[in-house]
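Fold and geometry: a report
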Amino acid sequence: MTEANLILGVVAAILLVYAARRGKAGEGVRIGALLLRRTAAVLLVAFAIIGYVNVMETGGLIQRWIGPDSGWSGLLLAALAGMLLPGGPYVVFPLIAALYLGGAGIGPAVVLVTSWAMLALISVAFELPLMGWRFTLIRWGVGLPVPILVGAVAQAVWG
Amino acid sequence: MGDRTLWALAAVALLLAGVAWAQGGVSTAVAGLVEGGRLLWLVALQLLLAFLIAGLAQALVDEAAIARWLGRGTGWRGLFLASLGGALVPGGPYVYYPLAASLLASGASVGVLVAFVTAKNLWAFSRLPLEFALLGRELTLIRFVLTLVFPPLLGALAELLFGGLVERIRAEVPQ
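Here is what the cut-offs are and how they apply
Residues numbered from 1 in each chain as written. Chains lettered and ligands numbered in written order. Predicted model: local features only at pLDDT ≥ 70, side-chain atom pairs only at ≥ 80, totals over all residues. Helix = DSSP H or I, 4+ residues; strand = E, 2+ residues; numbered from the N terminus. Rg over C-alpha atoms; globule rule 2.2 N^0.38 Å. Buried ≥ 20, exposed ≤ 12 C-beta atoms within 10 Å, placed from the backbone. Contact = placed C-beta atoms within 7 Å. Core = buried A, V, L, I, M, F, W, Y, C linked by C-beta atoms within 7 Å. Expected span 1.5 Å × (residues − 1). Arc of directions from axis to C-beta. Axes fitted to C-alpha atoms, helices over the stretch in contact; angles between N-to-C directions. Parallel < 35°, antiparallel > 145°, perpendicular 65-115°, else oblique. Left-handed = near helix turned anticlockwise from the far one by under 90°. Nonpolar A, V, L, I, M, F, W, Y, C, P; charged D, E, K, R; others polar.

A separate point is the overall build of chain B. Within chain B, the regular secondary structure consists of nine helices and zero strands. Reading the helices (α) and strands (β) of chain B from amino to carboxyl end gives α-α-α-α-α-α-α-α-α. Expected size for 175 residues packed as a compact globule is a radius of gyration near 16 Å; at 21 Å, chain B overshoots this value by more than 25%. Along the longest, intermediate and shortest principal axes, the C-alpha atoms of chain B span 65 × 30 × 30 Å. Within the span of chain B, comprising 175 residues, buried residues form 50% of the whole. In chain B, of all internal contacts separated by at least 6 residues, the share reaching a separation of at least 24 is 79%.

Pasting the structure below:
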């Protein structure tokens, strides 16, 4: 965990210096604080969910459905779940972290993130009125196989 | 992030608290909250840094400049520029779809737009620190490396298969 802190700290420091030289450090810190304030309640609730998933007896449910040995059906289920996950990264990442800690395989976990990022129906709701159904269908359609594909590779190589 | 998300999550948390209570009584119901607090404490500093990075990135990125150089290149160069632009644009779908729509109106191709949106979804530089903090280094790195090729690749594929539809797509979108 300290290594992660170090990496993020270095990135933040570089950006901070760069922003300061362009006179935008104050604005950046303010935007960051605003983002944090707006998402703090959601984060707190999301972590309560992670905590419960961790201490509860899930009866191997997560492992059976999307565990390392769940195969193609696990990848498919993760892809569907990813499309249906609601909200932004502040909500979705803690939920996926809870499933990963609770026994989800690396393949299904990668599928969950990728499917949510590319195929989430909640963003399609923004896409349809602004880009039209043709573009939405094209973009969504060419992306459809990607989550399961990368999940299968992740499970095969790192599983 | 609407209030509805918060209420939906709170309902899930309450449901889980109820199940935990049924499984192990008050002590399990409390243990879940304690465990959540412990995990939050573990990543608290990383979360703060992730929010700082996201804020600084948002202040530094000039969306108008991105929109200007997005349309410049053609072929693979254009797809890479579009991907890079998508990766740099901060904010949610209510930010990047209006931007994509204005790019479409000003003459961008189907491939460029698919690359732009897909890179926003998969490369998403300002989201990466948060992913790193919440999902850990291993999962984030594997996910990022495996999806790296797709923004320009899907852009090229979409252009190859559906590039000819661009005028009809443009006509469909309110200017």
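Anyway, onward from the coordinates.
Let us look at the nonpolar core. With 115 residues, the main nonpolar core has A46, I49, Y52 and I96 of chain A together with I53, A100 and L113 of chain B as its most contacted residues. Of all the elements, helix α1 (residues 3–60) of chain B adds the most residues to this core, at 18 residues. Those residues in contact with L113 of chain B, other than ones at most four positions away along the chain, are F135 of chain A together with A100, L103, L104 and A108 of chain B.

This part covers the interface of chain A and chain B. In this assembly, 71 residues from chain A lie in contact with 76 residues from chain B. Mapped onto the side of chain A that touches chain B, the elements with two or more residues apiece are α1 (2–21), α2 (25–55), α5 (89–101), α6 (106–119), α7 (121–143) and α8 (146–158) of chain A.

Our next topic: helix α4 (residues 71–84) of chain A. All names here are of chain A. Spanning 14 residues, α4 covers 21 Å between terminal C-alpha atoms, matching the ideal 20 Å at 1.5 Å per step. Within α4, burial applies to G74, L75, A78, A79 and G82. Along the axis of α4, the buried positions cluster into a sector of 135°, meaning they face one direction only. Away from its buried face by more than 90 degrees, α4 exposes W72, S73 and L84. Residues of α4 that are buried sit in contact with α3 (61–66), α6 and α8.

Take unusual backbone geometry next. Backbone geometry follows two general trends: most residues other than glycine have a negative phi, and most peptide bonds adopt the trans configuration. Residue and element names in this part refer to chain B. Although it is not a glycine, A124 adopts a positive phi angle of roughly 30°. Here A124 lies in the loop between α5 (110–122) and α6 (128–135). A residue is classified by how many C-beta atoms lie within 10 Å of it, and A124, with 20 of them, is buried.

Bringing the environment of F80 of chain B into the picture now. Residues and elements named next belong to chain B. Structurally, F80 can be placed in helix α3 (residues 75–88). Since 16 C-beta atoms lie within 10 Å of it, F80 is described here as partly exposed. Residues F80 and Y97, spaced 17 residues apart in sequence, show a C-alpha to C-alpha distance of 19 Å.

Once that is clear, we can look at the packing of α3 of chain B against helix α8 (residues 150–162) of chain B. Relative placement of two packed helices is described by the angle separating their axes and the distance separating the axes. Residue and element names in this part refer to chain B. Orientation of α3 relative to α8, taken along the N-to-C sense of each, is 130°, at an axis distance of 9 Å. In terms of orientation, α3 lies oblique with respect to α8. With respect to the hand of their crossing, α3 and α8 are arranged in right-handed fashion. For the pair α3 and α8, the contacting residues are W76, L79, F80, A82, S83 and G86 in the first and P151, P152, G155 and A156 in the second. Counted by class, the contact of α3 with α8 contains seven nonpolar, three polar and no charged residues.

Side chains that are three or four residues apart share a direction in an α-helix, a result of its 3.6 residues per turn. Its 13 residues give helix α4 (residues 93–105) of chain B an end-to-end C-alpha distance of 18 Å, which sits within 8% of 18 Å, the value for a rise of 1.5 Å per residue. Looking at α4 of chain B, one finds that the buried residues are P93, Y96, Y97, L99, A100, A101, L103 and L104 of chain B. The elements touched by buried residues of α4 of chain B are α7 of chain A together with α2 (63–70), α5 and α9 (166–172) of chain B. One or two positions beyond α4 of chain B, positive phi appears at G107 of chain B, with a value near 110°.

We now examine the environment of V30 of chain B. Within the secondary structure, V30 of chain B is located in helix α1. Judged by the 16 C-beta atoms lying within 10 Å of it, V30 of chain B is partly exposed.

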